[in-house]
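This is what each chain is made of:
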Amino acid sequence: NISYTLSKASDVEILLLDELGRSVQVSSQKNLAAGEHSSKINISGLAGGVYYVRLVAGEVVETKSIIIH
């Protein structure tokens, strides 16, 4: 699960990227209200290693690394 807080209502896109920055999975949600939210990322079928989760919400972009075993 990826948890995040929106300071204002916006469309949200969550991208799962491999070590080379290639998109592995994309999830989009429209018109989310301000406040706390969470989204599930499906990691089944992915090789173990380092991946990056990029959250794009309006003008805000955040990227965090995760390790899949």
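Counting restarts for each chain: residues are numbered from 1 in the order of the written sequence. Since the coordinates come from a predicted model, pLDDT governs what is reported: local features require at least 70, and pairs of side-chain atoms require 80 or more to be given and counted, while whole-chain, interface and lining totals use all residues. Each side-chain value is worked out from all heavy atoms of the structure, with water and hydrogens disregarded.

Chemist: Help me understand the environment of serine 65 in this model?
Modeler: Counting from the N terminus, the helices are the DSSP runs of H or I reaching at least four residues and the strands are the DSSP runs of E reaching at least two. Following the sequence through the fold, serine 65 ends up in strand β6 (residues 60–68). For the pair serine 65 and valine 50, spaced 15 residues apart in sequence, the C-alpha to C-alpha distance is 6.8 Å. Setting aside its immediate chain neighbours within four residues, serine 65 contacts Val50, Tyr51 and Tyr52. Contact between two residues is taken to exist if any of their heavy atoms lie within 4.5 Å; hydrogens are not considered.

Chemist: Honestly, the pairing of strand β5 (residues 49–57) in this entry has me stumped. Any pointers?
Modeler: Remark: a regular strand shows side chains that alternate across the two faces of the sheet. Note on pairing: two strands pair once DSSP finds at least 2 bridges between them. Pairing geometry for strand β2 (residues 10–17) and β5, over six bridges, is antiparallel. Counterpart to isoleucine 14 in the pairing with β5 is leucine 55. Relative to β6, β5 runs antiparallel, the two being bridged by nine bridges. Across the sheet, leucine 55 pairs through a bridge with glutamate 62, a residue of β6. In this structure, the hairpin formed by β5 and β6 is closed by a connection of two residues, where glycine 58 is found at a positive phi of approximately 65°.

Chemist: What am I meant to see in the side chain of aspartate 18 here?
Modeler: Mapped onto the fold, aspartate 18 is located in the loop between β2 and β3 (23–32). Note on classification: 1.4 Å probe, protein chains only; a residue is buried when its accessible area is under 20% of the maximum for its type, exposed when over 50%, partly exposed between these limits. Taking the relative accessible area as the measure of exposure, aspartate 18 reaches 12% and is therefore buried. At 3.0 Å, the side chain of aspartate 18 and the backbone nitrogen of leucine 20 are in polar contact. For aspartate 18, the side chain forms a polar contact with the side chain of arginine 22, separated by 2.7 Å. Among residues more than four places away in sequence, those in contact with aspartate 18 are Val24, Val50, Tyr51 and Tyr52. As used in this structure description, the phrase polar contact means that two N or O atoms lie within 3.5 Å; if the pair is within protein, one of them must be able to donate a hydrogen and the other to accept it, and residues adjacent in sequence are counted only when both atoms belong to side chains.

Chemist: I tried to follow the sheet that holds β6 on my own but got confused; where do I start?
Modeler: The strands making up a sheet associate through backbone hydrogen bonding, with each pair oriented either parallel or antiparallel. If you walk across this open sheet you meet the four strands as β3-β2-β5-β6, and the pairing is antiparallel. Two strands close off the open sheet at either side, each with one partner strand: β3 and β6. If you compare each strand with its neighbour and ignore which way they point, the axes differ by 15° on average. As paired elements, β2 and β3 share seven bridges and run antiparallel to each other. Residue pairing for β3: glutamate 13 is matched across the bridge by serine 28. Structural elements are reduced to axes, namely lines fitted to C-alpha atoms, with helices fitted over the stretch in contact, and the angle between N-to-C directions of any two is expressed from 0 to 180 degrees.

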